[in-house]
Amino acid sequence: PVLVVDFGAQYAQLIARRVREANVYSEIVPHTISAAEVAAKQPLAIVLSGGPSSVYAEDAPNFDSEIFSLGVPTFGICYGFQTMAVALGGEVARTGKREYGSTHVVLSDQASSSSILAEQPGNQIVWMSHGDSVAKAPEGFQVLASTDDTPVAAFANEERKLYGVQWHPEVLHSEHGQEVLAAFLHRAAGIPNDWNPGSIIEEQVARIREQIGGDEVICGLSGGVDSAVAAALVQRAVGEQLTCVFVDHGLLRKDERRQVEEDFVAATGVRLVTVDAREQFLGHLEGVTDPEEKRKIIGREFIRVFESTAARLVEESRTDDIPGEIKFLVQGTLYPDVVESGGGTGTANIKSHHNVGGLPEDMKFELVEPLRALFKDEVRAVGRELGVPEVIVSRQPFPGPGLGIRIIGAVNEERLAILREADAIAREELTAAGLDSEIWQCPVVLLADVRSVGVQGDGRTYGHPIVLRPVSSEDAMTADWSRIPYDVLAKISNRITNEVEEVNRVVLDVTSKPPGTIEWE
Ligand code: XMP
């Protein structure tokens, strides 16, 4: 494999994903790995990620510099670049100047003969995020690029196959980022271009079989892409040992339950149990307004339903030779869920996704999460490869906590009914306008505690606003608000205010992520 060394923050997984996009298999390893451990893995190449620290900070992540002497082609990015510079005798300076965001880099004459930057425009836009800078390249290294503030923005030692860049080639804002990474993998390290999503399936099927053995397993199914693909993978791995559980928590959109019960089961033939837990969820959510509290309650109640369902399944099949408990739970957790819940190395908790940060501490299930390292579009590719039907694979994301985190204020039946109607209208019109594949998703949000004055018929109204939040995104880690045509917006607004009593105003959210998140809570 290619080893991606994780120095913290949110970078390593994104790099691993870009390596996979270059059709090369990668694995993430912690920065505490020793040279001997690296050598034992026989890596084809090593990529050092960025990180939030300064190489001179007291708590700077340590790194075994013997790794640079293993003869494995190595590419340092940002913090990884500085680590390489310091370890090999170069200099890193605290310039006091910070470069954040889009920056111009200029390639040097040597770049055209380097294996990582040859054939690239001499002047390009890259994305930077650093305080310290490399002031002097180590002996034997050629400087390949610079910026106004950074004399050494990229370097290479072709003989030792050691390379580094100060910028972040893994983010899309770096114009030629993917080409740099691909050039390192294919040209500098000579790794063939032959790995694909089908390979993820083989690896995960083997891993799942090893984890589950002959035991029974249940899978929480939401009707969304992630849990459907996770279920299909587990079904491929352990077949009849799998039972899917669909929880109707009362926070579903219109028609959702029927779609799951019909479409998914028809397509996959899995054994499905539907649990009506509406009272349970709404009871626990009564009067709760804090977003994190809502998320934790929903995460916890999901697990409580899975526990009672598992116990019931075991009870019902007592006469058969089923073991005394079901200890495995499959979840369709994706990498962005993990990062935002603060699950990466040294990442902040932005919000507790119900299936990660929202899990109760006393949960006894052992989790099976075959998609935990992947992004949504990779999951879609895996789903297609597994033969999951297109209607499911191309569905827009819908969060597990459902409409519960789209009512700003306390959740109750009445408010859910209002939001469900407004959401159905918005979805219907976006689909009719042919915009489904263009937008990533469009949360529809009810500002339940806000009222504004309106006029309808000849009378005064005092109703609630509905917010439309259409976004475009590649992986939900960042997003922009979608430029929906005005006439489509007008139609949605007109229909919602006419057809949904209690709503007298429709507003559009024009915030990107960051600074906003996609969901309001
Ligand atoms: P945010 O709001 O964090 O959302 O920008 C990023 C993506 O994740 C979805 N989302 C969730 N999905 N459980 C889920 O299954 C959750 O608790 C959760 N919270 C947010 C959101 O819809 C968007 O696609």
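Residues numbered from 1 in each chain as written. Predicted model: local features only at pLDDT ≥ 70, side-chain atom pairs only at ≥ 80, totals over all residues.

(A) How the structure looks around the UniProt feature "binding site: ATP" (unreviewed entry) in the chain. According to UniProt, the feature "binding site: ATP" (unreviewed entry) maps to Ser222, Gly223, Gly224, Val225, Asp226, Ser227 and Ala228 in the numbering used here. Take Ser222: it is sitting in the loop between β12 (217-221) and α6 (225-238). If we skip the residues at most four places from it in the chain, Ser222 touches Ser227 and Gly400. Considering the arrangement of structural elements, one finds Ala228 in helix α6. (UniProt positions renumbered as here; feature names shortened; annotations may be inferred. Helix = DSSP H or I, 4+ residues; strand = E, 2+ residues; numbered from the N terminus. Contact = placed C-beta atoms within 7 Å.)

(B) Highlighting the site of the ligand. Residues in contact with the ligand amount to 18 residues; listed here are only the nearest, His353, Pro399, Thr517, Ile518 and Glu519. Taken together, the residues of the shell around the ligand sort by class into six nonpolar, six polar and six charged. (Near = placed C-beta within 6 Å. Nonpolar A, V, L, I, M, F, W, Y, C, P; charged D, E, K, R; others polar.)

(C) Seen up close, the domain arrangement of the chain. We note that the domain assignment places domain 1 (2-188), domain 2 (197-393) and domain 3 (406-508) within the chain. Distance from the C-alpha centre of domain 1 to the C-alpha centre of domain 3: 44 Å. (Domains from an automatic or database assignment.)

(D) How the structure looks around unusual backbone geometry. The residue after Lys513, namely Pro514, is reached through a cis peptide bond having omega -15°. Mapped onto the elements of the fold, Pro514 is located in the segment after β23 (503-508). Backbone torsion omega between Pro514 and Pro515 reads 10°, so that peptide bond is classified as cis. Along the polypeptide, Pro515 turns up in the segment after β23. Phi is positive for Gln42, which is not a glycine, with a value near 45°. Tracing the chain through its elements places Gln42 in the loop between α2 (35-40) and β3 (45-48). Despite not being glycine, Glu502 shows a phi value in the positive range, around 85°. Considering the arrangement of structural elements, one finds Glu502 in the loop between α14 (486-499) and β23. Residue classification places Glu502 among the partly exposed residues on the basis of 18 C-beta atoms within 10 Å. (Buried ≥ 20, exposed ≤ 12 C-beta atoms within 10 Å, placed from the backbone.)

(E) Main features of α6. The terminal C-alpha atoms of α6 lie 20 Å apart, and with 14 residues this matches the ideal 20 Å at 1.5 Å per residue to within 8%. Among the 14 residues in α6, 13 count as buried, and that is most of the element. At the exit of α6 stands Gly239, carrying a positive phi of roughly 45°. (Expected span 1.5 Å × (residues − 1).)

(F) Representation of the sheet that holds β12 in the model. Within the open sheet, the five strands sit side by side as β14-β13-β12-β15-β16. Their pairing is parallel. Either end of the sheet is taken by a strand with one partner, and the two such strands are β14 (272-276) and β16 (366-368). Geometrically, the sheet is characterised by an average inter-axis angle of 30° between neighbouring strands, direction not taken into account. Relative to β14, strand β13 (residues 242-248) runs parallel, the two sharing five bridges. Across the sheet, residue Val247 finds its bridge partner in β14, namely Val275. Running at roughly 160° to β12, α6 makes contact with β12, β13, β15 (328-330) and β16 of the sheet. (Pairing = 2+ DSSP bridges. Axes fitted to C-alpha atoms, helices over the stretch in contact; angles between N-to-C directions.)

(G) How the structure looks around the packing of helix α1 (residues 11-21) against helix α4 (residues 177-188). Running from N to C, α1 and α4 cross one another at 70°; their axes reach a closest spacing of 10 Å. In this view, α1 runs roughly perpendicular relative to α4, as classed from their interaxial angle. The interaxial crossing formed by α1 with α4 has right-handed handedness. When α1 is examined against α4, the residues Arg18, Val19 and Glu21 are found in contact with a partner set consisting of Gln178, Leu181 and Leu185. Residues that form the contact of α1 with α4 fall into these classes: three nonpolar, one polar and two charged. (Parallel < 35°, antiparallel > 145°, perpendicular 65-115°, else oblique. Left-handed = near helix turned anticlockwise from the far one by under 90°.)

(H) View of the UniProt feature "active site" (unreviewed entry) in the chain. Listed under "active site" (unreviewed entry) in the UniProt record, and renumbered for this structure, are Cys78, His168 and Glu170. Look at the named residues: they lie 93 residues apart in sequence, but the longest C-alpha span between them is just 10.8 Å, so in the fold they bunch up. When the 26 C-beta atoms within 10 Å are taken as the criterion, Cys78 is described as buried. In this structure Cys78 touches Gly50, Ser129, His130, Gln166 and His168, once residues within four positions along its chain are discounted. With respect to the helices, strands and loops of the structure, Glu170 is situated in the loop between β11 (162-165) and α4. The exposure class of Glu170 is buried, given the 27 C-beta atoms found within 10 Å. Not counting residues up to four positions away in its chain, the partners in contact with Glu170 are Tyr11, Leu14, Ile15, Arg18, Gly177 and Leu181.

(I) Expanded view of the sheet that holds strand β9 (residues 142-146). Overall, mixed pairing links the nine strands, which are arranged β2-β1-β3-β4-β11-β10-β9-β6-β7 in an open sheet. Two strands bound the open sheet, and with one partner strand each, they are β2 (26-30) and β7 (123-130). Each adjacent strand pair in this sheet contributes to an overall mean axis angle of 25°, direction not counted. Strand direction decides the pairing type here: β3 and strand β4 (residues 74-77), joined by three bridges, are parallel. Bridge pairing in β4 places Val47 opposite Phe75. Each of β1 (2-6), β3, β4 and β11 is contacted by helix α3 (residues 79-87), which is oriented at about 120° to β4, the strand it contacts most.

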